[in-house]
Amino acid sequence: MNLKNSFWLVFFAVLLLTGPRFGGVSTFLASQTSNLNLGQKFPKKSRWFGNQVVPSSVPILILAGHADSQGIDGSGTAGEAVALKGFSPMEVGISDELFWNLKLSHAIVKIGKKKGLNISFYQPKRRTILDGNNATTNWSVGARHAQNGGYSLEIHFDSYGEYGFGSGLIPPLTTNINNIDESLARTFGRYPLFFRGGLGGPRRQIRLLEIGKLEGGLENSLRNIDTREKTIRAIAIRIVNALIVGINQKDSFNPQLLTDDIFLPKSYR
Ligand SMILES: [Zn+2]
């Protein structure tokens, strides 16, 4: 073997060894989510910006939206299939949204743990808890987790048709919007800071992630038994990837403060 050949041999060996560390894994994960179509993102421009660095070991708590409010106001969307097309609910007694929120939450935690995240899931034991401030609701447990320095993320699918807005992150009401929030917003879309005047979750530092409107192609691919697991997995991978990108960002994501921004300047651009 001459000198030129051994150079190329060493070159390819180095490439092979370092490849997965420098993008091989994320390229692989990205390829599994590339066919995923979540429909429209939140359509208007929202001007907040997450720029706080997050510790690598941050405990992430996943909550399934509406897990404690079945059969009462705020039980989650029935989805287009049930509400407009006459299909049966996925599971008797719970909204289709909760059914998918639960399935997706489990998948996020499973994949997140495999990828090394400090991530867990909380599910209230009772499906209907009238008092939102009861100690076992998503709100209370998520708020305590956030108060102790954790990241609380509640998973939702949005309403169909004119009742929904599309995918995106509804940020917490705080000046400490962080790099994970920014990464999720860049991946899924960005709801305004005071969406609907400030919802119960965001007021308690719980982030709400709207995956997409429960209708059309997205709902079909969830309901179709042949594509269900693949779809759930692809959404979960997209979320876990965004969490990892946010955690790995060790300075601010390209911040730009406009001169006329005077309100919560730390969180706007
Ligand atoms: Zn919801």
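Here the structure is shown first, and the text comes after it.
In this report, we go over the structure that sits alongside the text. It should be emphasised that the depicted structure is a prediction, and the values quoted were computed from it without experimental measurement.

### Things to note about a positive patch on the surface
Taken together, Lys110, Lys114, Lys115 and Arg233 make up a surface patch of like positive charges. Within the secondary structure, Lys115 sits in the loop between α4 (96–114) and β2 (119–122). The exposure class of Lys115 is partly exposed, given its relative accessible area of 36%.

### Things to note about helix α8 (residues 216–223)
Residues Leu218, Glu219, Leu222 and Arg223 constitute the buried set of α8. Along the axis of α8, the buried residues cluster in a sector spanning 125°; they form a single face. Where α8 is buried, its residues meet α3 (79–83), α4, β3 (151–158), β5 (206–213) and α9 (228–248).

### Let's talk about unusual backbone geometry
The phi dihedral of His66 is positive, around 75°, even though this residue is not glycine. Relative to the helices and strands, His66 is located in the loop between β1 (60–64) and α3. In this structure His66 comes out as buried when scored by relative accessible area, which is 17%. We note that Arg196 has phi near 50°; this positive angle belongs to a residue other than glycine. Within the secondary structure layout, Arg196 lies in the loop between α6 (179–188) and α7 (200–203). Classification of Arg196 by relative accessible area gives exposed; the value is 57%.

### Here's the deal with the side chain of Ser183
Looking at the element boundaries, Ser183 is found in helix α6. According to the relative accessible area criterion, Ser183 is buried, its value standing at 4%. Non-local contacts of Ser183, meaning those with residues more than four positions away in its chain, are made with Ala242, Val245, Gly246 and Phe253.

### A closer look at the environment of Phe87
Along the chain, the position of Phe87 falls in the loop between α3 and α4. Beyond its immediate stretch of four places on either side in the chain, Phe87 contacts Ala81, Val82 and Arg223.

### Description of the coordination of the zinc ion
With distances of 2.1 Å, the protein atoms coordinating the zinc ion are His66 (NE2), Glu97 (OE) and His156 (ND1). Within one chain, the residues serving as donors to the zinc ion are arranged as H-x30-E-x58-H. Note that Glu97 is positioned in helix α4 and His156 in strand β3, a separation of 59 residues in sequence. In this structure, Glu97 and His156 share a single accessibility class: buried.

### Regarding the packing of aromatic side chains
Applying the stated criterion across every chain yields a total of 8 aromatic pairs. The interplanar angle of 80° and the centroid separation of 5.7 Å between the aromatic rings of Tyr160 and Tyr163 together place this pair among those described as edge-to-face. The buried category is assigned to Tyr160, whose relative accessible area is 14%. Taking NZ or CZ as reference, Arg190 lies 4.8 Å from the ring centre of Trp48, over its face.

About the thresholds
Residues numbered from 1 in each chain as written. Predicted model: local features only at pLDDT ≥ 70, side-chain atom pairs only at ≥ 80, totals over all residues. Heavy atoms only, no water. Patch = residues over 30% accessible without salt bridge, like charges linked within 9 Å, V, L, I, M, F, W, Y side chains within 5 Å. Areas by Shrake-Rupley, 256 points an atom, 1.4 Å probe, with all protein chains shown as cover. Salt bridge = Lys/Arg side-chain N within 4 Å of Asp/Glu carboxyl O. Lys, Arg positive; Asp, Glu negative; His and termini not counted. Charge placed at Lys NZ, Arg CZ, Asp CG, Glu CD. Helix = DSSP H or I, 4+ residues; strand = E, 2+ residues; numbered from the N terminus. Buried < 20%, exposed > 50% of the residue type's maximum accessible area, 1.4 Å probe, protein only. Arc of directions from axis to C-beta. Contact = heavy atoms within 4.5 Å. Donors = N, O, S within 2.8 Å, 3.2 Å for Na, K, Ca; no water. Phe/Tyr/Trp six-rings, centres within 6.5 Å; stacked < 30°, edge-to-face > 60°. Lys NZ or Arg CZ within 6 Å of the ring centre and 35° of its normal.

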